[in-house]
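Below are the chains, spelled out letter by letter.
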Amino acid sequence: KYLSSGSGILGDVNSDESVDVLDVVLIVNMILGNDSPNYATADINSDGSINVQDIISLINIILE
């Protein structure tokens, strides 16, 4: 179900080997500037930017 980004599971922002709502919260914090971006696992759509599109993609992965 999960895709590898080469340096972890794509979407597993907190590196706990699970993709869940905690990862969504971390991406929101990255967008708001409260956390440093982790492009390797947070840039779900691989467009070079962490934004709301990545949140939507991550939620879709979680709901699959």
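Look up: the structure comes first, before these words.
What comes next concerns the included structure. Source: prediction; values computed, not measured. (Residues numbered from 1 in each chain as written. Predicted model: local features only at pLDDT ≥ 70, side-chain atom pairs only at ≥ 80, totals over all residues. Heavy atoms only, no water.)

**Examining the environment of Ser-18**
Let me state the cut-off plainly: Secondary structure counts use DSSP, requiring at least four H or I residues in a row for a helix and at least two E residues in a row for a strand, with both numbered from the N terminus. Throughout this description, buried means an accessible area under 20% of the type-specific maximum (1.4 Å probe, protein chains only), exposed means over 50%, and partly exposed covers the range between. Any pair of residues with heavy atoms lying within 4.5 Å of one another is described as a contacting pair. Any pair of N or O atoms that falls within 3.5 Å is considered a polar contact. Within protein, one atom must be able to donate a hydrogen and the other to accept it, and sequence-neighbouring residues count only if both atoms are side-chain atoms.
Mapped onto the secondary structure, Ser-18 falls in the segment before α1 (21–32). Given the relative accessible area of 25%, Ser-18 is considered partly exposed. Through-space distance from the C-alpha of Ser-18 to that of Ile-62 is 9.7 Å; in sequence the pair is 44 residues apart. Leave out the neighbours within four places in its chain, and Ser-18 touches Asp-12 and Asp-23. Reaching out from Ser-18, the side chain makes a polar contact with the side chain of Asp-20 at a distance of 3.5 Å.

**Considerations on a nonpolar patch on the surface**
Put simply, the rule is: Each patch groups residues whose relative accessible area exceeds 30% and which form no salt bridge, using 9 Å between like charges and 5 Å between nonpolar side chains of Val, Leu, Ile, Met, Phe, Trp and Tyr. Note that accessible areas follow from Shrake-Rupley with a 1.4 Å probe, and for residues the cover is restricted to the protein chains shown. We count a salt bridge whenever a side-chain nitrogen from Lys or Arg sits within 4 Å of a carboxyl oxygen from Asp or Glu.
A surface patch of nonpolar side chains, amounting to about 270 Å² of accessible area, comprises Val-21, Leu-22 and Val-25. When you line up the elements, Val-21 lands in helix α1.

**Some words on the nonpolar core**
Inclusion rule: Here, nonpolar core refers to any group of buried Ala, Val, Leu, Ile, Met, Phe, Trp, Tyr and Cys residues whose side-chain atoms link them within 4.5 Å.
With 12 residues, the main nonpolar core is built from Leu-10, Val-13, Val-19, Val-24, Ile-27, Met-30, Ala-42, Ile-44, Ile-50, Ile-55, Leu-58 and Ile-61. Among the elements of the structure, α1 and α3 (52–63) are those that each provide at least two residues to this core. Every residue in contact with Leu-58, bar those within four places of it in the chain, is listed here: Gly-11, Val-19, Asp-23, Val-24, Ile-27 and Ile-44.

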